[in-house]
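Take a look at the letters that make up each chain.
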Amino acid sequence: MPAPIVVASNRGPIAFVRGADGKPAAKRGAGGLVTALSGALAAGGGLWIASAMTEEDREVAARGRVGADGDDASLYELRYLSFEPGLFDRYYNGWTNRVLWFLHHYLWNLPQTPIFGADTEADWDAFVAVNRAFADAMAEEGGRLGPSTAFLVQDYHLSLAPAMLKELRPDARIAHFSHIPFAGPSYMRILPERYRTALLEGLLGADVIGFHAPAWADRFLLSCRLLDGARVDLRRRVVGWRGRKIRVRVNPMGLDVDALRDEASRPEVVRAAEELRAWKGDSALLLRVDRAELSKNILRGFLAFDRFLETHPEWRGRVVFLALLNPSREEIPDYGAYVGECVRTAEFVNDQWGTSTWTPIDARVRDEYAQTLAAYSLYDALIVNPMLDGMNLVAKEGPMLNTRDGALILSETAGAFQELRRWALPVDPFDVDQTAEAIAAALDMPAAERAARRRGLQAAVRRNPPNRWLESQLDDLGLGD
Ligand code: ADP
Ligand code: G6P
């Protein structure tokens, strides 16, 4: 009998929006965690607990457990937890995404931010309350499903839940997995000691703690040295804590290629591809696909393209840069300001080099998943140049759907870099001149080399399918088949 699986994450696989008939209609959740975990759970089933994030989600939550497609027929079930909107805002926009996201991606501008005070404390209280609700729900589901249940707790939003669950159910087998980077000890020290300690202690309630890349695992281990009483074995990646041994694992995750290809064959994607083909004409296509997010380094990507057009005049008028930026966390002012700056920079580049018949950069800030899948099939070069990133599914999805042997430009600091480095063109995300040269190298690459790299990228992506990620989590918990 396979172990029952309970996954907990802030964002669930579907969000509900108001349909034309006034009833809640299911829509795909955004971001890499949802893509990756949906693939993993579709293979084996289980229960997924997530936050209700919209008013419509809360309506659906009131009905209890639902099937993963919003109906009752699918392989795994969903349970949404509802929170009072003010509390959810403090937890999600306040603590998780203004504090923890910035901390783990090194996004603070230290002379000005962060400023911790009474507001931070109120956000923290909300964060504690939401984590406690998740721990209670997991404990309850575990009681129903039995003692061999595997609890798979996802991401920074739920950093406290593992210890809370362990307290409620000391025998529970718990894995925590971060889909983002982890801050090293110098940056962790920016957090007031009480928060830092609580976060590390919260995570150490798990039996296994996972990351996508070795660098994030090592930084977590080094940060654990800040904790009084923790014994950290860096070589074996083990932390001794309160009589238990917690293992730290590196477990990169690929994608469900068949599901992605099915999705890409939908009529609206085919239509979007026709439109994009007509729009780009004979020009080469440089593509980027991101949540409109500070860590993605969109601004330096545009500056690198500016530099490329300056130093490679032979490409002027012959290439278009399409940036598909999916709006994200719009309640947080830093995001709006950053996206505004990116759009202004694109306009500056267009004013500088554009002509009456050629607009160098087309930055589209909207939620267009079908267009994204269509654009993957058409690019000649895909740029994924985050400052720091946990997973970078975009760098894996592109090569699986592309039909033009397009090249991949990839940051050395991306979580997927170790897996894909041999076949990608590496860039230092802060070096715009080097990135400009990588754009030139990608667009000028001979056909045979492009094809060889494409084959290498596809093989690397297939090496880590989501069900393998899931199996290693279960093996690490001693619950594998
Ligand atoms: P992150 O997790 O930080 O958003 P990733 O590159 O790991 O970054 O994953 C982004 C995921 O979001 C990819 O699977 C991508 O296909 C998906 N995506 C892109 N645009 C949309 C959209 N408009 N709606 C839903 N998902 C999207
Ligand atoms: C990253 C995080 C996920 C998150 C996603 C989208 O991938 O690791 O946990 O779901 O970004 O962010 P959002 O705030 O929209 O859920």
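For the structure itself, look to the data block above.
Report follows, based on the coordinates. (Residues numbered from 1 in each chain as written. Chains lettered and ligands numbered in written order. Predicted model: local features only at pLDDT ≥ 70, side-chain atom pairs only at ≥ 80, totals over all residues. Heavy atoms only, no water.)

**Focus: the overall build of the protein chain**
No. 1: When its secondary structure is counted, the protein chain shows 18 helices and 18 strands.
No. 2: Expected size for 481 residues packed as a compact globule is a radius of gyration near 23 Å; at 22 Å, the protein chain falls within 12% of this value.
No. 3: Dimensions of the protein chain along its principal axes, counting C-alpha atoms only, are 65 × 50 × 40 Å.
No. 4: Looking at the protein chain residue by residue over its 481 residues, the buried ones come to 57%.
No. 5: Of the contacts made within the protein chain by residues no fewer than 6 positions apart, 76% connect residues no fewer than 24 positions apart.
No. 6: For the protein chain, the computed accessible surface area is about 19,500 Å², with 49% contributed by carbon and sulfur atoms.
No. 7: Within the protein chain, one finds 57 positive and 65 negative side-chain charges whose respective centroids are separated by 5 Å. (Helix = DSSP H or I, 4+ residues; strand = E, 2+ residues; numbered from the N terminus. Rg over C-alpha atoms; globule rule 2.2 N^0.38 Å. Buried < 20%, exposed > 50% of the residue type's maximum accessible area, 1.4 Å probe, protein only. Contact = heavy atoms within 4.5 Å. Areas by Shrake-Rupley, 256 points an atom, 1.4 Å probe, with all protein chains shown as cover. Lys, Arg positive; Asp, Glu negative; His and termini not counted. Charge placed at Lys NZ, Arg CZ, Asp CG, Glu CD.)

**Points about the pairing of strand E2 (residues 14-18)**
No. 1: In terms of strand pairing, E2 meets strand E3 (residues 24-28) through five bridges, oriented antiparallel. Of the residues in E3, the one forming a bridge with Phe16 is Ala26.
No. 2: Between the end of E2 and the start of E3, which pair antiparallel, lie five residues, with Gly22 showing a positive phi angle near 85°. (Pairing = 2+ DSSP bridges.)

**Section: the nonpolar core**
As a rule of thumb, nonpolar side chains are buried together in soluble globular proteins.
No. 1: Among the nonpolar cores identified, the biggest contains 175 residues, and Phe220, Phe305 and Phe308 are the most heavily contacted of them.
No. 2: For Phe308, the residues in contact, after removing those within four places along its chain, are Trp315, Val319, Ala436, Ile439, Ala440 and Leu443. (Core = buried A, V, L, I, M, F, W, Y, C linked by side-chain atoms within 4.5 Å.)

**Thoughts on the sheet that holds strand E4 (residues 46-51)**
In any sheet, the strands associate via hydrogen bonds between backbone groups, in a parallel or an antiparallel arrangement.
No. 1: Reading across the sheet, the ten strands line up as E5-E6-E4-E1-E7-E8-E9-E12-E11-E10 and stay open at both edges, with mixed pairing between neighbours. One side of each edge strand has no neighbouring strand; the edge strands of this open sheet are strand E5 (66-67) and strand E10 (231-233).
No. 2: The sheet contact formed by strand E11 (residues 238-241) and strand E12 (residues 244-250) spans four bridges and is antiparallel. Counted as the bridge partner of Val238 is Arg247 from E12.
No. 3: Relative to the sheet, helix H5 (residues 161-168) contacts strand E7 (150-154), strand E8 (173-178) and E12, its axis offset from that of E8 by approximately 175°.
No. 4: With respect to the sheet, helix H18 (residues 466-476) is in contact with strand E1 (5-8), E7, E8, strand E9 (208-211) and E12, its orientation differing from that of E7 by roughly 120°. (Axes fitted to C-alpha atoms, helices over the stretch in contact; angles between N-to-C directions.)

**Quick notes on the site of ligand 2**
No. 1: Around ligand 2 sit 13 residues, and of these Arg11, Tyr92, Asp155, Arg291 and Arg329 come closest.
No. 2: Tyr92 has a polar side-chain atom sitting 2.5 Å from an oxygen atom of ligand 2.
No. 3: For ligand 2, an oxygen atom lies 2.5 Å from a polar atom in the side chain of Asp155.
No. 4: The fraction of the free accessible surface of ligand 2 (380 Å²) that becomes covered by protein chains is 94%.
No. 5: Sorting the residues of the shell around ligand 2 by element identifies helix H1 (32-44) and helix H3 (85-104) as the ones contributing at least two each.
No. 6: With three residues, the top contributor of residues to the shell around ligand 2 is H3.
No. 7: Across the shell around ligand 2, the residue classes break down as five nonpolar, four polar and four charged. (Near = heavy atom within 4 Å. Polar contact = N/O pair within 3.5 Å; in protein donor to acceptor, adjacent residues only side chain to side chain. Nonpolar A, V, L, I, M, F, W, Y, C, P; charged D, E, K, R; others polar.)

**What to know about the sheet that holds strand E17 (residues 407-411)**
No. 1: The strand order across the open sheet formed by six strands is E15-E14-E13-E16-E17-E18, and the pairing between neighbours is parallel. Because the sheet does not close on itself, it has two edges, and the strands there are strand E15 (361-365) and strand E18 (425-427). Within the sheet, the average angular offset between the axes of one strand and its neighbour, ignoring direction, is 20°.
No. 2: Bridging between strand E13 (residues 284-291) and strand E14 (residues 319-326) involves eight bridges; their strand directions are parallel. Among the inter-strand pairings, Leu285 is bridged to a residue of E14, identified as Val320.
No. 3: In the packing of helix H16 (residues 432-444) onto the sheet, contacts are made with E13, E14, strand E16 (381-384), E17 and E18, and the angle to E18 comes to roughly 170°.

**Thoughts on the site of ligand 1**
No. 1: The environment of ligand 1 is formed by 18 residues, the closest being Gly32, Arg291, Lys296, Asp367 and Glu397.
No. 2: A distance of 3.3 Å is found between an oxygen atom of ligand 1 and a backbone nitrogen or oxygen belonging to Asn392.
No. 3: Taken by itself ligand 1 offers 580 Å² of open surface, and the protein chains cover 92% of this.
No. 4: Contributions of two or more residues to the shell around ligand 1 are made by H1, helix H13 (369-378) and helix H14 (394-401).
No. 5: Of the residues forming the shell around ligand 1, the biggest block, three residues, is contributed by H13.
No. 6: Taken together, the residues that form the shell around ligand 1 break down as five nonpolar, seven polar and six charged.

**Focus: the packing of aromatic side chains**
No. 1: In total, this model carries 23 aromatic pairs according to the counting rule given.
No. 2: Ring pairs connect the aromatic residues Phe83, Phe88, Tyr91, Tyr92, Trp95, Trp124, Phe127, Phe134 and Tyr195, which therefore count as one cluster.
No. 3: Sitting over the ring of Trp101, Arg329 keeps its end group 4.1 Å from the ring centre.
No. 4: The ring of Trp279 has Arg364 lying over it, and the distance from NZ or CZ to the ring centre is 4.9 Å. (Phe/Tyr/Trp six-rings, centres within 6.5 Å; stacked < 30°, edge-to-face > 60°. Lys NZ or Arg CZ within 6 Å of the ring centre and 35° of its normal.)

**Brief notes about the pattern of salt bridges**
No. 1: Under the counting rule described, the total for this entry stands at 31 salt bridges.
No. 2: Between Arg79 and Glu140 there is a salt bridge, with the nearest N and O atoms lying 3.5 Å from each other. Here Arg79 is found in strand E6 (residues 76-81), whereas its partner Glu140 is found in helix H4 (residues 118-145), with 61 residues between them in sequence.
No. 3: Using a relative accessible area of 51% as the deciding quantity, one classes Glu140 as exposed.
No. 4: Where Arg242 meets Glu201, a salt bridge forms, and the shortest distance between an N and an O atom there is 3.4 Å. Of the two residues, Arg242 sits in the loop between E11 and E12 while Glu201 sits in helix H7 (residues 193-203), which places them 41 residues apart along the sequence.
No. 5: One continuous salt-bridge network, built from bridges that share partners, spans Arg18, Glu55, Glu56 and Glu59. (Salt bridge = Lys/Arg side-chain N within 4 Å of Asp/Glu carboxyl O.)

**Regarding helix H10 (residues 267-280)**
No. 1: Between its first and last C-alpha, H10 extends 20 Å over 14 residues, near the 20 Å set by a 1.5 Å rise per residue.
No. 2: Those residues of H10 that are buried are in contact with helix H9 (257-264), E13, E14, E15 and H13.
No. 3: Residue Gly281 follows H10 closely and has a positive phi angle near 60°. (Expected span 1.5 Å × (residues − 1).)

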